[in-house]
Number of protein chains: 2
Amino acid sequence: MRALQARGETERSHINSRELGEASGVADAQVRKDLASIGATGQPGVGYAIPELMEDLRASMGLHRTWKAVLVGAGNIGRALLAYPRFAEEGFDLVAVLDRAPSVVGRKLAGHTVQPMSAVADVIRRTGAELGIVAVPPSEAQIVAEMLVHAGVRGVLNFAPRPLRLSGSVAVVAVDFTETLERLAFETTMKRSLGSRSRDT
Amino acid sequence: MRALQARGETERSHINSRELGEASGVADAQVRKDLASIGATGQPGVGYAIPELMEDLRASMGLHRTWKAVLVGAGNIGRALLAYPRFAEEGFDLVAVLDRAPSVVGRKLAGHTVQPMSAVADVIRRTGAELGIVAVPPSEAQIVAEMLVHAGVRGVLNFAPRPLRLSGSVAVVAVDFTETLERLAFETTMKRSLGSRSRDT
DNA sequence: GATTGTGAAGAGCTTCACAGCT
DNA sequence: AGCTGTGAAGCTCTTCACAATC
C-alpha cells in the first residue's frame, strides 16, 4: 500500500507484481501469493488494477471505515501525534485528548480541550472511541491502559517503554523508540561485519 | 533483554531457558538456540548467569558502546525525540540537530543549536556520528537520507511515512505512525472476529 | 507477448528429544 | 535431578516454474 501511495498519480491504471515487489522489497511471486491471500486478483498479461488493489488492501486491514481514538498524554509525543496530519487522511480520528496534569487540563491543543483523566469513561462512552493511545510516562502506562480498557477501548497503541499486560481480547501495538534505536544499532553492526543484502523500508 | 529488565532485581543469580521463554513468548529450545547463536552459554543443571547474559545480549546488539546520531528535522517529532530521556540512558547520543527552515536554524533546542542542512557533511565528519535520524516531511525524506549516507552515516532511522531507497550497505529502520495505527486497526479487527491469543509487548 | 495464480520444490526456521554436563 | 546444547525431524514460508489467461 505504501509503495502504491509513494508512486503518486501515474497515468497507468495497472501495476504488475514485479514492480510492486521491487518497490516494497519482496519477490514477485510473494506479492502474488499475498495479494491472492487477501482476495485481490490481477489480470493475466496486464497486472493489478491500482484503484481496486488499493481498495482491497484497505479493506483487508480494516481501513474501510473511520476509527476513533482517544489520546492520553499531552506531552511531547502526544503533541507531535496531534499535529500529525496523516492520521485524519488515513481514517483515524483523534476525538479527545486527556491528561493527568492540572496545568494542561482545559488548554486547547489542535482544536481539542484537554480533559482530566476522571473523564475517561465518559469521553469514551460519548465518542464511541474504540482505540486508545498511551503517550504518558512509563510509570503511568499500565494504569492508564487499564482505565482505557475498562472504559471500553478494543485496541491500545503504547508509546511508553514498558510492556503492557492487558486482557487477551484487547489488541496492543507498541512503539518503543529506544528499542527502535537498538534495532538500528544491531542492524548497523550486522551490515558492517557481513556483506549487505537490500532491505525494505 | 526486556524480559530480564522487567524482572528487576531478584535475588536469583541464574535463570533457565524455560522461564526466559515464558517471559518473552517463545519456546525454551528457541531461547537456547538463540542464545547459543550469540555466543551466550548457560550452565547445565543451573541455567544462565543473569549479569553475564545481559552483557552478552547487549554486546550482541552492539550496545556495549555509545552510538552518536544526528537528528534532521526540528519539527514536532524531532523535538519529542530531543526531549526523550531514555536515549542517553541506553547509550545513544544525539550530537547535533539540523533543519532546512531558516526560521529554526540557529535556535537552541535541548542544548543544541539547530544547524542548516548545508552543514550536514561537516557536522557528521566533526562529530563522527554513525547514525542519522530522519524526522522531516515525506517529500524530503529521500533526499535527506541520501545526504546523510553521502556524509558517512551507516544507519538511518526513518520517521517519514515513505520507504527509503538507500545503498544496501546502510541499515534502515522505519517508524511509521500511520502504519502503526493501521496495524492496531488490523489487530483489533482480528481480535474481534477470532478469539484471542496472548501477544507480547 | 506479458503476466497471473498456484502446485511443487526448496530453504529456512521451530520443535523434539536426548546425550552429556553439573 | 535439573538443565544445556544440538542433531534430526517437522513445519512453515519463499521461490520456482509453468499452464492458463488476457
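Because the structure is predicted, anything quoted here is derived from the model rather than measured. (Residues numbered from 1 in each chain as written. Chains lettered and ligands numbered in written order. Predicted model: local features only at pLDDT ≥ 70, side-chain atom pairs only at ≥ 80, totals over all residues. Heavy atoms only, no water.)

### Considerations on the pairing of strand β4 (residues 92-99) of chain B
Residues and elements named next belong to chain B. For the record, the criterion: Between buried and exposed lies partly exposed: a residue is buried under 20% and exposed over 50% of the maximum accessible area for its type, with that area taken using a 1.4 Å probe on protein chains only. Every helix listed is a DSSP run of H or I at least four residues long, and every strand listed is a run of E at least two residues long, numbered separately from the N terminus. The pairing criterion is simple: DSSP has to find at least two bridges between the two strands.
For β4, a buried count of six out of eight residues is recorded, marking the element as mostly surrounded by other parts of the structure. Direction of pairing for β4 relative to strand β7 (residues 115-116): parallel, over a ladder of two bridges. Bridge assignment links Asp99 to a residue of β7, and that residue is Pro116.

### Comments concerning the relation of the copies chain A and chain B
Here the two chain copies are tied together by a rotation about an axis and a shift along that axis. For clarity, the threshold we go by: We place the copies in one frame by least squares, fitting the C-alpha atoms of every residue whose pLDDT is at least 70 in both. Here a residue-residue contact requires only that any non-hydrogen atoms of the pair lie within 4.5 Å.
Each copy superposes on the other: chain A lies on chain B with an RMSD of 0.9 Å after a rotation of 178 degrees and an axial shift of 0.8 Å. When the rotation and shift are considered jointly, the pair of chain copies conforms to a two-fold rotation axis. Interface overlap between copies is the fraction of interface residues in one copy that are interface residues in the other; for chain A against chain B it reaches 96%, indicating a shared surface.

### So, the interface of chain A and chain B
Much of the literature gives interface size as the accessible area that the parts lose upon coming together. Note the following rule: Take the accessible area each of two parts loses on contact, using a 1.4 Å probe, and add the two losses: that sum is the buried area. In the sections that follow, a salt bridge refers to a side-chain nitrogen of Lys or Arg positioned within 4 Å of a carboxyl oxygen of Asp or Glu. Here a polar contact means two N or O atoms within 3.5 Å. Within protein one must be a hydrogen donor candidate and the other an acceptor candidate, and residues neighboring in sequence count only if both atoms are side-chain atoms.
Contact residues are listed per partner, giving 57 residues for chain A and 56 residues for chain B. Where chain A abuts chain B, roughly 5300 Å² becomes buried across the two surfaces, and 67% of that area is made up of carbon and sulfur atoms. At the junction of chain A with chain B, the criterion picks out four salt bridges. Arg2 of chain A is the salt-bridge partner of Asp176 of chain B, the closest N and O atoms lying 2.8 Å from each other. Our count for the chain A to chain B interface comes out at three residue pairs in polar contact (both at pLDDT 80 or more). Every element with two or more residues in the side of chain A that touches chain B is listed here: α2 (17-24), α5 (76-82), α6 (86-89), β9 (155-158), β10 (171-174) and α9 (177-193) of chain A.

### Quick look at the domain arrangement of chain A
Defined as follows: Each domain span listed reflects an automatic or database assignment of domains.
Taken domain by domain, chain A consists of domain 1 (2-60) and domain 2 (67-178). Relative to domain 2 of chain A, the C-alpha centre of domain 1 of chain A lies at a distance of 34 Å.

### Topic: the packing of aromatic side chains
To keep things clear, this is the line we draw: Working definition: a ring pair exists when centres of Phe, Tyr or Trp rings (six-membered ring for Trp) sit within 6.5 Å. Plane angles under 30 degrees give stacked, over 60 give edge-to-face, the rest tilted. Here, over-ring charges are defined by two tests on the NZ atom of lysine or the CZ atom of arginine: distance to the ring centre within 6 Å, and angle to the ring normal within 35 degrees.
The tally for this structure, following the rule as stated, stands at nine aromatic pairs over all chains. Ring geometry for Tyr84 of chain A against Phe177 of chain B: centres 5.6 Å apart, planes inclined by 80 degrees, an arrangement best described as edge-to-face. A residue pair is termed interchain when its members come from two chains, as with Tyr84 of chain A in the loop between α5 and α6 and Phe177 of chain B in helix α9 (residues 177-193). There is no split in this pair, since Tyr84 of chain A and Phe177 of chain B are both buried. Through a chain of ring-to-ring contacts, three or more aromatic side chains come together here, namely Tyr84, Phe87, Phe159 and Phe177 of chain A together with Tyr84, Phe87, Phe159 and Phe177 of chain B. The ring of Trp67 of chain A is capped by Arg65 of chain A, whose NZ or CZ atom sits 3.6 Å from the centre of that ring.

### Overview of the sheet that holds strand β8 (residues 131-134) of chain B
Residue and element names in this part refer to chain B. Condition: Geometry is summarised by axes, namely lines fitted to C-alpha atoms with helices restricted to the contacting stretch, and by angles between N-to-C directions that run from 0 to 180 degrees.
Taken together, six strands build an open sheet; the order of strands is β7-β4-β3-β8-β9-β10 and the sheet is parallel. The open sheet has two edge strands, β7 and β10 (171-174), and neither has a second partner. Summarising the sheet, strand β3 (residues 67-72) and β4 pair through six bridges and their orientation is parallel. Bridging across to β4, Ala69 finds its partner in Leu94. Each of β3, β4 and β7 is contacted by helix α7 (residues 120-127), which is oriented at about 165 degrees to β3, the strand it contacts most. Those strands touched by helix α8 (residues 138-151) are β3, β8 and β9 (155-158), and its axis lies near 165 degrees from that of β8.

### Thoughts on the protein's contact with DNA strand D
Short version of the rule: The criterion for a residue being near a molecule or strand is simple. One of its heavy atoms has to lie within 4 Å of it.
Taken together, 19 residues surround DNA strand D, and among them Lys33 of chain A together with Ser17, Arg32, Gly42 and Tyr48 of chain B come closest. Within 4 Å of the protein, the atoms of DNA strand D are drawn from sugar and phosphate moieties in a proportion of 56%. Between a base nitrogen of DNA strand D and a side-chain N or O atom of Arg32 of chain A, the distance comes to 3.1 Å. Backbone polar atom of Gly45 of chain B to a sugar or linking oxygen of DNA strand D: 3.0 Å apart, as the coordinates give it. Elements with a minimum of two residues in the surface near DNA strand D: α3 (28-37) of chain A together with α3 (28-37) of chain B.

### Notes on α8 of chain B
All names here are of chain B. To be explicit about the condition: A helix is expected to reach a length of 1.5 Å times the quantity of its residues less one. Picture the helix axis, draw a direction to every C-beta atom, and the arc is the one those directions span.
Here α8 spans 20 Å end to end across 14 residues, near enough to the 20 Å set by a 1.5 Å rise per residue. If you check which residues of α8 are buried, you get Glu140, Ala141, Val144, Ala145, Leu148 and Ala151. Each buried residue of α8 sits inside an arc of 140 degrees when the element is viewed along its axis, so together they form one side. Along α8, exposed side chains directed more than 90 degrees from the buried face belong to Ser139 and His150. Close packing links the buried residues of α8 with β3, α7, β8 and β9.

### A look at the environment of Ala119 of chain B
Residues and elements named next belong to chain B. Its location among the elements puts Ala119 in the loop between β7 and α7. Here Ala119 falls in the buried class, since its relative accessible area comes to 14%. Residues Ala119 and Asp99 lie 20 residues apart in sequence; the distance between their C-alpha atoms is 9.9 Å.

### Remarks on the sheet that holds β9 of chain A
All names here are of chain A. Across the sheet, which stays open at both edges, the six strands sit in the order β7-β4-β3-β8-β9-β10 with parallel pairing between neighbours. Whereas interior strands pair on both sides, the edge strands pair on one side only; in this sheet they are β7 (115-116) and β10. The pairing of strand β3 (residues 67-72) with strand β8 (residues 131-134) spans four bridges and is parallel. Looking at β8, one finds that Val70 is bridged to Gly132. Across the face of the sheet, helix α7 (residues 120-127) comes into contact with β3, β4 (92-99) and β7 while running at roughly 165 degrees to β3.

### Description of unusual backbone geometry
With a phi angle near 50 degrees, Ala110 of chain A is a residue other than glycine that sits in the positive phi range. Residue position: Ala110 of chain A is located in the loop between β5 (108-109) and β6 (112-113).

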